Amino acid sequence: MFVKLLFQTNTTTITDDFFMEVMLRNNKRIFLSFLSILTLANVATLSIKISEKGSDYLT
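None of the values given here were measured: they were computed from a predicted structure.

## As for the overall build of the protein
- Within the protein, the regular secondary structure consists of one helix and zero strands.
- Out of the 59 residues in the protein, the part that is buried amounts to 0%.

Here you go:
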């Protein structure tokens, strides 16, 4: 009985560590994707404003 409990705890810890690592990598990837999209959108908006190609209806 004690061996089963000890074995389960080790397995759960290894699995939890693995899933924690996967979640952290995925969260980092999502955060970097969000920042890159935000940056590209701001660059596009700035370039349209600087080149004065935007529609008068939008301003």
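## Side note on a nonpolar patch on the surface
- On the surface, Phe31, Leu32, Phe34, Leu35 and Leu38 cluster together into a nonpolar patch covering about 490 Å² of accessible area.
- Along the chain, the position of leucine 38 falls in helix H1 (residues 2–51).
- Relative accessible area serves as the criterion here: at 41%, leucine 38 is assigned to the partly exposed category.

## Focus: the UniProt feature "transmembrane region" (unreviewed entry) in the protein
- Feature annotation in UniProt assigns "transmembrane region" (unreviewed entry) to the following positions: residues 30–50.
- With 100% helix and 0% strand, residues 30–50 has its two end C-alpha atoms placed 30 Å apart.

## Quick look at the environment of serine 36
- Tracing the sequence through the fold places serine 36 in helix H1.
- Within the local environment of serine 36, its side chain forms a polar contact with the backbone oxygen of serine 33, the two atoms lying 2.8 Å apart.

Cut-off values and rules
Residues numbered from 1 in each chain as written. Predicted model: local features only at pLDDT ≥ 70, side-chain atom pairs only at ≥ 80, totals over all residues. Heavy atoms only, no water. Helix = DSSP H or I, 4+ residues; strand = E, 2+ residues; numbered from the N terminus. Buried < 20%, exposed > 50% of the residue type's maximum accessible area, 1.4 Å probe, protein only. Patch = residues over 30% accessible without salt bridge, like charges linked within 9 Å, V, L, I, M, F, W, Y side chains within 5 Å. Areas by Shrake-Rupley, 256 points an atom, 1.4 Å probe, with all protein chains shown as cover. Salt bridge = Lys/Arg side-chain N within 4 Å of Asp/Glu carboxyl O. UniProt positions renumbered as here; feature names shortened; annotations may be inferred. Polar contact = N/O pair within 3.5 Å; in protein donor to acceptor, adjacent residues only side chain to side chain.

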